[in-house]
Amino acid sequence: MAYYGKCLEAVIEQLDKFTPKRDNPEQFLEAAATSLQALSPRKQGFVLEVLSGCLEYRKLLTVVVDAFYAQDGRLCLRVDRSRFKVICYLATFLLEELGFQLFCDIIKSQPVDKMCKFLRFFFNPLHLCSWIKDEWSLIYEPAHVKENWIDPLIRWQPEVQELISHLEGASVSQSSPLKTKAKVTEPKEFNLTAPKPRTIPAPEPVPVVAKPRPVPQSTYRTPKEQQQLETVKRYNRRKAEELLLRANVEELRCAMPRSCREPLQGSKQQLQLQFPPRIRKTPKLTFYRPDSVLVKLNTTAILREGALYQRQVEQELQRVDKLVDGAGDFSEFLEWQKKMQAKDREEQLAAGECRRLQGKLSHEEAVLARQSLVQENKQKAEQQKEQMAKLMLQHAKRRLQEDRSRKELVEQVIEGQKNVKAAQAKLVKGRRQTVQEVIEASRGLLQRRAQEAQEEQRRRCELISQLRALETQPTRKGKLVDLTQIPSYGLEGEMSIVELRERLALLKENRRREEEEKRDQIIQGKRTKSQELQDTLEQISLCRAAMGRSAALRWEEKKAAPAAPTQDERVQQLRRRISERAAERSKQAALLHVSAPRAARPKPRAQLETQHWLEQERSRERRLRALQQGGSGPGPARRLEAA
């Protein structure tokens, strides 16, 4: 058995060195034969034969070994992969040549538990006749596989099962502990100093929890401040809608082209009178709009608006030139464009109404879901209260039992501490004597250190007195300097300090004169720029007057032909669905009133939400009527933004 075990170990060692991607099988066999020359010829021949067979049929062996590691051999080491390949090769190709007895000796020379697992897996008839046969048939001919390899393995299956049962019995006998007659070492305990028993603190008294106050009802109510804010918000919204409606209806009052000239001239004179002689920043110019509203314009806004009107004037002149040359008119296109814009506006209004009704519908559905959720939460809260009562009762019983056990333990500890007091008194007396000796020794050391410190202080005082005596001796201080004298270092441009100061004064005077000239140039440039801005303002006022007149004419044309109100099927359908949801919600509220009287009254928040939706619907209807009456003409606010 040892002989075959060494042979198999040599084969396994050589297989571990082989890598299919890098090594050639023939060259590898030659190298292995060279390295195995130290073995006997018989052993060398057996090792080379098994090694060449494993390399030739390595694909077949890899299929079986990989499946073994995936199923029964998950706990086996990957190091034993070559060992299982060798056993699989011997069982498949050399079992009849070696004989069953020699095969048993080879198997017994290997680890018993590993061989039991692999042989049980490999010689399983179900595996041999199913997937092993199919996988091998993909590599070689199916008839050759069945006749030469699968059928012989199935014939040897009864003898192999007896071998497996024998190996299992041997592994059980090896795992049982052997009885030895040797003397067993008996451990001895260490002679350690017993620690002092720790004092157990007295148990804390169980606190009596005061009965908590009930949650006030104001917690579940909406605060008055929020209600007041909602009221103010609705009032402000209604007021803003009324102002918007009035502005849309009476928007022709802002078209006053002739009244804008006098405020413009007055503002121009005011600007000329208030213009300072020296100004460092661009002044903020003011412009009076036709509706007598004072608007401040900066320089950038004035230049931008002047350039805009200039471009508009040039475009209008080009259009007139084209018409004179015989170009076509765009009146029909503009009428078609107005019709399409009106149609798009109606579709936008219908889409906005659909979105609002969809939001209201989702609100109704959310109220229904909230009511059902409240009912479920109430049931869950009742169950939680019952469970908490049971848990509190169990906790109180457990605490009483723990208090009794603690009291008994404290009594036992107090009895054990009475014998310790005498030993503690003796130990305290010895420690006091030691402390007295240490105090006397430290007192002597302190006296010696005080004497040394006095001697050091006296020596320092003598040194200080000597240094002060040296400092009191007279010394010559300072040096006479002539500011008019040239240093004469041999440098270019060398001068005295007085001459240097005079030259610096001249440079400062020249720099101040240049700054004054620059300041005058800047002031002159700002005056020129201010005059240009005033001219631009006059041109802007004229252009705005013309635009006001054209807007008034367009408004008269649109007011003469008001648009007819339109109705959309989607809006009607959404309104019907909202009414159905509201009826369903009222029915569910009535059911909740019957089952739980406390929750029957609607909460202030629900009332506020309902009122909010009603107010929003009314405001949208008023806005829709105003837009239908007034058309799509630009209101005063839009004209101000465009200007």
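Worth saying up front: this structure is predicted, and the values here are computed from it rather than measured. (Residues numbered from 1 in each chain as written. Predicted model: local features only at pLDDT ≥ 70, side-chain atom pairs only at ≥ 80, totals over all residues. Heavy atoms only, no water.)

Let's shift gears to the overall build of the protein chain. Across its full length, the protein chain carries 20 helices and two strands. Evaluated residue by residue, the protein chain yields a buried proportion of 22% over its 643 residues. (Helix = DSSP H or I, 4+ residues; strand = E, 2+ residues; numbered from the N terminus. Buried < 20%, exposed > 50% of the residue type's maximum accessible area, 1.4 Å probe, protein only.)

Counting residues in hydrophobic clusters, the biggest one holds 58 residues, and the most contacted among them are Val 50, Val 86, Leu 90, Leu 119, Phe 122 and Trp 136. In contact with Leu 119, other than residues within four places in its own chain, are Ile 87, Phe 103, Ile 107, Leu 163, Ile 164 and Leu 167. Of all hydrophobic cores here, the second largest spans eight residues; its members include Leu 297, Ala 301, Ile 302 and Ile 540. (Core = buried A, V, L, I, M, F, W, Y, C linked by side-chain atoms within 4.5 Å. Contact = heavy atoms within 4.5 Å.)

Right, let's talk about helix α14 (residues 299–325) for a bit. Note on helix geometry: an α-helix contains 3.6 residues per turn, so any two residues three or four positions apart are oriented the same way. Under the 1.5 Å per step criterion, the end-to-end length of α14 is 39 Å for 27 residues, consistent within 8% with the ideal 39 Å. All of the buried residues along α14 are Thr 299, Ala 301, Ile 302, Glu 305, Gly 306 and Tyr 309. A positive backbone phi angle near 110° is found at Gly 326, which sits one or two residues after α14. (Expected span 1.5 Å × (residues − 1).)

Here the structure, examined in full by the defined rule, presents 22 salt bridges. The partner of Glu 455 in a salt bridge is Arg 458, with the nearest N and O atoms 2.2 Å apart. One end of the pair, Glu 455, and the other, Arg 458, are both in helix α16 (residues 420–471), three residues apart, so they sit about a helical turn from each other. With a relative accessible area of 43%, Arg 458 lands in the partly exposed category. In this structure, Arg 512 engages Glu 509 in a salt bridge whose closest nitrogen and oxygen atoms are separated by 2.4 Å. On the criterion of helical spacing, the pair formed by Arg 512 and Glu 509 is a turn pair, its members being three residues apart in helix α17 (residues 497–560). (Salt bridge = Lys/Arg side-chain N within 4 Å of Asp/Glu carboxyl O.)

Further remarks concern the packing of aromatic side chains. All told, the structure shown has 18 aromatic pairs when counted by the stated rule. Both rings, one in Phe 68 and one in Tyr 69, keep their centres 5.8 Å apart while their planes meet at 65°; by these two values the pair is edge-to-face. For Phe 68, a relative accessible area of 0% puts it in the buried group. Counting every residue linked through ring pairs, the aromatic cluster contains Phe 68, Tyr 69, Phe 84, Phe 118, Phe 121, Phe 122, Phe 123 and Trp 131. Cation over ring: Arg 78 sits above Tyr 69, and NZ or CZ is 4.5 Å from the ring centre. (Phe/Tyr/Trp six-rings, centres within 6.5 Å; stacked < 30°, edge-to-face > 60°. Lys NZ or Arg CZ within 6 Å of the ring centre and 35° of its normal.)

As a further point, take the environment of Arg 406. Here Arg 406 lies in helix α15 (residues 331–417). When the C-alpha atoms of Arg 406 and Pro 201 are compared, they prove to be 9.6 Å apart, with 205 residues separating the residues in sequence.

Bringing unusual backbone geometry into the picture now. Positive phi values are uncommon outside glycine, yet Ser 488 reaches one of about 60°. Within the secondary structure, Ser 488 is located in the loop between α16 and α17.

Take the packing of helix α4 (residues 58–70) against helix α9 (residues 125–139) next. Taken N-terminus to C-terminus, the directions of α4 and α9 make an angle of 150°; their axes are 10 Å apart at the nearest point. Put simply, α4 runs roughly antiparallel to α9. In this structure, α4 meets α9 at a crossing whose hand is right-handed. Every residue of α9 that contacts α4 at Lys 59, Leu 60, Val 63, Val 64 and Ala 67 is listed here: Trp 131, Glu 135, Trp 136 and Ile 139. For the contact of α4 with α9, the residue count by class is seven nonpolar, no polar and two charged. (Axes fitted to C-alpha atoms, helices over the stretch in contact; angles between N-to-C directions. Parallel < 35°, antiparallel > 145°, perpendicular 65-115°, else oblique. Left-handed = near helix turned anticlockwise from the far one by under 90°. Nonpolar A, V, L, I, M, F, W, Y, C, P; charged D, E, K, R; others polar.)

Okay, the packing of α4 against helix α5 (residues 81–93) next. Close contact between α4 and α5 brings their axes to 9 Å; oriented N to C, the two are set at 125°. The angle between α4 and α5 falls in the class oblique. Crossing of α4 against α5: the hand is right-handed. Two secondary-structure elements touch here, α4 through Leu 60, Leu 61, Thr 62, Val 64, Val 65, Asp 66, Phe 68 and Tyr 69 and α5 through Arg 81, Phe 84, Lys 85, Cys 88, Tyr 89 and Phe 93. In terms of residue class, the contact of α4 with α5 is built from ten nonpolar, one polar and three charged.

Averaged over the protein chain, the pLDDT score is 77; the fraction of residues at 70 or greater is 81%. Averaged pLDDT values over the elements of the protein chain bottom out at 36 in helix α20 (residues 636–642) and peak at 88 in α17. Every residue in residues 253–294 is under pLDDT 50, and counting partners more than four places away or in other chains gives 63 contacts. (pLDDT = per-residue confidence, 0-100.)

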